[in-house]
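Listed below, chain by chain, are the residues.
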Amino acid sequence: MGDGKIKSALEKALERAATFPRLSDEELQRMEYVPKGQVLAGKFLNNNGITDELASYSADKLVYIYQGMEDTLLKNIALPEDDNTMHSNIKALEGFYLIKEDKLALQPVVEELQHLFNYYRQAVEQTKASVQAQLFQKFQAARQQLEAQYGQQVDFDMEKHPEYRNEMLKVIGQLNQRFEGALQATKDKIKAIK
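Think of each chain on its own: its residues are numbered from 1, step by step along the sequence as written. Per-residue local features of the predicted model are confined to residues with pLDDT of at least 70, and side-chain atom pairs are confined, for both listing and counting, to 80 or more; whole-chain, interface and lining totals are unaffected and use all residues. Excluding hydrogens and water, the side-chain figures rest on all heavy atoms present in the structure.

Draft legend 1. Examining the overall build of the protein chain more closely. The helix and strand inventory of the protein chain stands at seven helices and zero strands. Put simply, DSSP marks the helices as runs of H or I at least four residues long and the strands as runs of E at least two long, and each gets a number from the N terminus on. From first element to last, N terminus to C terminus, the protein chain shows the α and β order α-α-α-α-α-α-α. Here the C-alpha atoms of the protein chain give a radius of gyration of 27 Å, more than 25% beyond the 16 Å that 2.2 N^0.38 yields for 194 residues. Overall, the C-alpha framework of the protein chain stretches about 95 × 60 × 30 Å when taken along its three principal axes. Out of the 194 residues belonging to the protein chain, those deemed buried represent 30%. Residue contacts follow a heavy-atom distance rule, with two residues in contact if any of their heavy atoms lie within 4.5 Å. Within the protein chain, contacts between residues at least 6 apart in sequence are counted, and of these 71% link residues at least 24 apart. Note on areas: Shrake-Rupley with a 1.4 Å probe; residue coverage comes only from the protein chains shown. A total accessible area of about 13,000 Å² is found for the protein chain, and carbon and sulfur atoms account for 52% of it. In this setup the radius of gyration rests on C-alpha atoms only. A globule is expected at 2.2 Å times the number of residues raised to 0.38. For each residue, the accessible area found with a 1.4 Å probe, counting protein chains only, is set against the maximum for its type, and the residue is called buried under 20%, exposed over 50%, and partly exposed in between.

Here it is, written out as structure tokens:
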């Protein structure tokens, strides 16, 4: 404080702000419109029409809107463990037809994903059947032992047993690991399409 002047908090903040790098117009537009695209994708996924809203943006802003939409749509594609996830996947894939220029390149990749989803669901069903078959004998023997011990019929739901649930979680987790790589590779193909 050589000159005896005490700086206000505002003066200190302005001095610090002057040292920050200036953002380009492109970076500012990206920061503004990518989140808007993410919101629009969310609306689309919730079955709301967004065509009119998209038409209200100029081409230079749509580039960033589409980036945001693409990010959100890709994040909403997952291995279809149930019908709701499958429906969400189909809706997300429909969204790419709104934002991608090269629809001819998009079509085979979408078909590849649909094939992957169908194959995954078949694999899940086969895996569940295999686990059930393996554990059925074990649980059947345990039930017979309990019936002999208590002298009456014992009601036993194998699917509610912790051992069954743990085994199912383990094998489905292993199955998911195998399919996640293929899913990510196909998402990367979508991202690469103009």
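Draft legend 2. Local environment of unusual backbone geometry. The backbone phi angle of Asn47 is positive, close to 65°, even though this residue is not glycine. Here Asn47 shows up in the loop between α2 (25-45) and α3 (51-55).

Draft legend 3. Expanded view of the environment of Lys7. Of note, Lys7 is situated in the segment before α1 (9-19). Setting aside residues up to four positions removed in sequence, Lys7 forms contacts with Lys12 and Glu15.

Draft legend 4. Focus on the packing of aromatic side chains. Ring pairs are drawn from Phe, Tyr and Trp, using the six-membered ring of Trp, whenever the two centres fall within 6.5 Å, and their geometry is named by plane angle: stacked under 30 degrees, edge-to-face over 60, tilted for the rest. Counted under the stated rule, the structure contains three aromatic pairs. Seen from their ring centres, Tyr33 and Tyr57 are 6.0 Å apart, and the 80° between their planes marks the pair as edge-to-face. Remark: Tyr57 occurs in the loop between α3 and α4 (59-75) and Tyr33 occurs in helix α2; sequence separation between them is 24 residues. Taking the centre distance of 5.6 Å and the plane angle of 45° together, the rings of Tyr119 and Phe179 count as tilted. Of this pair, Tyr119 sits in helix α6 (residues 103-150) while Phe179 sits in helix α7 (residues 162-192); the two residues are 60 residues apart in sequence, bridging distant segments of the chain. With a relative accessible area of 48%, Tyr119 lands in the partly exposed category. Among the aromatic residues, those joined into a cluster by ring pairs are Tyr119, Tyr120 and Phe179.

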